[in-house]
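A look at the structure
Spelled out from the first residue to the last, the chains are:
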Amino acid sequence: MHRRFLRNWNLLVRYLRPQWLAVLVLTLLLFANIVLQLFNPQVISFFIDTAQTHGPLQVLFLAARLFLFTALLQRAVGLAFSYLAESTSWKTTNALRADLTLHCLQLDLPFHKKHTPGELIERIDQDVTMLANFFSQFALQLASNALLILGILIFLFTVDQLLGIALVGYTCLVFAVLALFQKRSAPFWKAERMADADHYAFLEEHVQGTEDIRSAGAEPYITQRLVTLMHRMLETHRRARLVSNTTYVSSQFLFLMGYALGLGLGAFLYVQGQISLGTAYVIMYYIGMLSGPLESIRTQFQDLQRSTASIDRVEELLHTQPQVLETMSASLPAGPLSVTMQHVSFRYEVQEPVLHDISFSLAPGQVLGLLGRTGSGKSTLARLLFRLYDPISGSIQFADTDLRTLALDDIRSHIGMVTQDIQLFQASIRDNLTFFSPQVSDEQIMQVLTTLKLRTWLASLPNGLDTMIGANGQGLSAGESQLLAFARVFLKDPGLVVLDEASSRLDPATEALLEQALDQLLAQRTGIIIAHRLQTVQRANFILLLDQGNIIEYGPRLSLMRNPASHFSRLLQSGLEEVLA
């Protein structure tokens, strides 16, 4: 329990520290509100006692005006507090969302293989939204309500010690009950958040696969799975709500008992002549006021129940560390890079190895054609070059520098990759080419588009570089999407270019256009071309042939072509597409 409190407190302090001035103003507003709440009943008490003793009418009018002014001032303070608290909560939660998003983007592929985008969206957005009240009001409201209760109890002690002792015991009982329910409720709210995350993950995954689901006639099965998940959401939410409602009913019963206790003691003291009518009113008013801060504390504890579940999930995400760690003790030179793999083996998690003892060397400016059947390990090899994963054995070197000694940003700024699955964003042509970087000028973009002979296509668009693209490249053909991906690599100007089935989606006319651009892209750069087709590897200097994760042939392309006993030569004779498909 103590460890959980420290974790919650550390998260609160970390994100409220930049908002210290707003927190200070909120604190002052809360203290002002406490003073006004305690002061106003005293004005009414004075008014009652003065009227009962037939005091001057001017004094009564003055007390009435003071009461109205205090009441209006209290409302103004409450309004200012609400506005500033809402602003603070949005600033802090947005900062947490930004940190979580950046952290997820920096985690490596094994993490993203285990967690769907829908689940991560639920954590980054919904879990953080649950923390809005925790960041903006929890600590302040808890402190202010505690001080208000303390002020009421001190006043009641000054009136009568028996009354004060009775109300202190009542207050302690309420706090004990609230603490008990809070401790027991947190696991139920955590289960409810997990059910929500699974629901969002399911929706994201299956909405994205709508075409395949409908073409396979799988709607009934998907609907049944959705019903199962929604039923789980209902059950977990109902259990969490049941515990919260039990807390509410218990607290309301305790408030009723406290009010009855105060009413009886106040009436007894007045009948005994120990207090005036005005004081009796103040006692009843303050005892009635006790339910307000106690109810507020109950609400804050209920929010804490939800927040604790969300904090657990947020902290779990923030403390998830990538398997690929940086050392950043070296850097890559500009220009074409040499590539060396020495006895590299790799497997995904607990699966069988998908690469076995891979070794090859590629000099700067040379091009390697990487061939093999589907599932032979070609794309896995490319992922290792980007250090999306680390091999389980062996080493990879760029420019005679071990990959593990390089910063990830340095690696990925010196390598460009184009795949057949192009990720385009719902944004402008400019933003899709530059990945939203303002450092790339329009002149650079236009120069690249001229090289790719896309100026005519760009001129046909309604708003040029400002033309918006739909999600997943909606509005562009497969060929246009592929050419935009090539333009990205041109803008990056890397020393190593990896083309993973990069021309497999293109029609002949677009591919011919692309072939011209490839000659310029590979000029003065090292290249690795992953392909199924013969035409794609015609410009390669070396050929590496993979089968089930093993190198079955590696050597100069021309030498392998002239050797009738080589696998590559036999593939050329039998038809590369048919054998490797």
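Thresholds applied
Residues numbered from 1 in each chain as written. Predicted model: local features only at pLDDT ≥ 70, side-chain atom pairs only at ≥ 80, totals over all residues. Heavy atoms only, no water. UniProt positions renumbered as here; feature names shortened; annotations may be inferred. Phe/Tyr/Trp six-rings, centres within 6.5 Å; stacked < 30°, edge-to-face > 60°. Helix = DSSP H or I, 4+ residues; strand = E, 2+ residues; numbered from the N terminus. Buried < 20%, exposed > 50% of the residue type's maximum accessible area, 1.4 Å probe, protein only. Axes fitted to C-alpha atoms, helices over the stretch in contact; angles between N-to-C directions. Parallel < 35°, antiparallel > 145°, perpendicular 65-115°, else oblique. Left-handed = near helix turned anticlockwise from the far one by under 90°. Nonpolar A, V, L, I, M, F, W, Y, C, P; charged D, E, K, R; others polar. Pairing = 2+ DSSP bridges. Contact = heavy atoms within 4.5 Å. Domains from an automatic or database assignment. Buried area = accessible area lost by both parts, 1.4 Å probe. Salt bridge = Lys/Arg side-chain N within 4 Å of Asp/Glu carboxyl O. Polar contact = N/O pair within 3.5 Å; in protein donor to acceptor, adjacent residues only side chain to side chain.

In the nomenclature of an unreviewed UniProt entry, the protein corresponds to Helicase from the organism Tengunoibacter tsumagoiensis. As its UniProt record puts it under Subcellular location (unreviewed entry), the protein is described as follows: "Cell membrane".

The next thing to look at is the packing of aromatic side chains. According to the stated counting rule, one finds 7 aromatic pairs in the structure shown. Taking 5.2 Å as the distance between ring centres and 85° as the angle between the ring planes, the aromatic pair formed by Tyr-348 and Tyr-389 counts as edge-to-face. Here Tyr-348 is found in the loop between strand S1 (339–346) and strand S2 (355–362), whereas its partner Tyr-389 is found in the loop between helix H11 (378–385) and strand S4 (393–398), with 41 residues between them in sequence. For the residue pair Tyr-348 and Tyr-389, the accessibility class agrees, reading buried in each case. Taken together, Phe-346, Tyr-348 and Tyr-389 form an aromatic cluster joined through their ring pairs.

Remark: helix H2 (residues 20–52) packs on helix H3 (residues 57–106), axes separated minimally by 9 Å, with the N-to-C direction vectors making an angle of 160°. Of the possible angle classes, the one that applies to H2 and H3 is roughly antiparallel. Here the hand of the crossing between H2 and H3 comes out left-handed. Its residues assigned to classes, the contact of H2 with H3 comprises 26 nonpolar, 7 polar and no charged.

It is worth spelling out the sheet that holds S1 at this point. Overall, antiparallel pairing links the 4 strands, which are arranged S2-S1-S4-S5 in an open sheet. Strands at the two margins of the open sheet, each flanked by one partner only, are S2 and strand S5 (401–402). Taken together, the 5 bridges between S1 and S2 define a ladder with antiparallel strand orientation. Counterpart to Thr-340 in the pairing with S2 is Ser-361. The sheet strands contacting H11 are S1, S2 and S4, and the helix crosses S1 at an angle near 115°.

This next bit is on the sheet that holds strand S7 (residues 496–500). In space, the 6 strands of this open sheet follow the order S6-S7-S8-S3-S9-S10, with mixed pairing throughout. In the strand order of this sheet, the two ends are held by strand S6 (415–419) and strand S10 (550–556), each with one partner. Taking each pair of neighbouring strands and ignoring which way they run, the sheet shows an average axis angle of 15°. Two strands pair when backbone bridges link them, and strand S9 (residues 542–547) and S10 are joined in this way by 6 bridges, in the antiparallel orientation. Counterpart to Asp-547 in the pairing with S10 is Asn-550.

Our next topic: the packing of H3 against helix H5 (residues 117–129). Orientation of H3 relative to H5, taken along the N-to-C sense of each, is 160°, at an axis distance of 9 Å. Classified by the angle between their axes, H3 and H5 sit roughly antiparallel to one another. In this structure, H3 meets H5 at a crossing whose hand is right-handed. Counting all contacts with H3, which are made through Thr-93, Leu-96, Arg-97, Leu-100, Thr-101 and Cys-104, the residues of H5 involved are Leu-120, Arg-123, Ile-124, Asp-125, Val-128 and Thr-129. Taken together, the residues of the contact of H3 with H5 break down into 6 nonpolar, 3 polar and 3 charged.

The next subject is unusual backbone geometry. Notably, Gln-524 is not glycine yet its phi reads approximately 60°, a positive angle. Among the secondary structure elements, Gln-524 is positioned in the loop between helix H17 (508–522) and strand S8 (526–531). Here the phi dihedral of Gln-548 falls at roughly 55°; this positive angle occurs in a residue that is not glycine. Relative to the assigned elements, Gln-548 resides in the loop between S9 and S10. Given the relative accessible area of 62%, Gln-548 is considered exposed.

Time to look at H11. A large share of H11 lies buried, amounting to 6 of its 8 residues. Taken as a whole, H11 has its buried residues at Lys-378, Thr-380, Leu-381, Ala-382, Leu-384 and Leu-385. In the segment just after H11, Arg-387 is the residue with positive phi, at about 55°.

Attention shifts here to the domain arrangement of the protein. Parsing the protein into structural domains produces domain 1 (1–159), domain 2 (161–274) and domain 3 (339–574). A separation of 55 Å is found between the C-alpha centroids of domain 1 and domain 3. Taken residue by residue, the interface counts 5 residues in domain 1 and 4 residues in domain 3. When domain 1 packs against domain 3, the two sides together hide about 370 Å² of surface, and 61% of this comes from carbon and sulfur. The interface formed by domain 1 and domain 3 contains 0 salt bridges. Linking domain 1 to domain 3 there are 0 residue pairs in polar contact (both at pLDDT 80 or more). When the residues that make up the side of domain 1 that touches domain 3 are grouped by side-chain class, the tally is 2 nonpolar, no polar and 3 charged.

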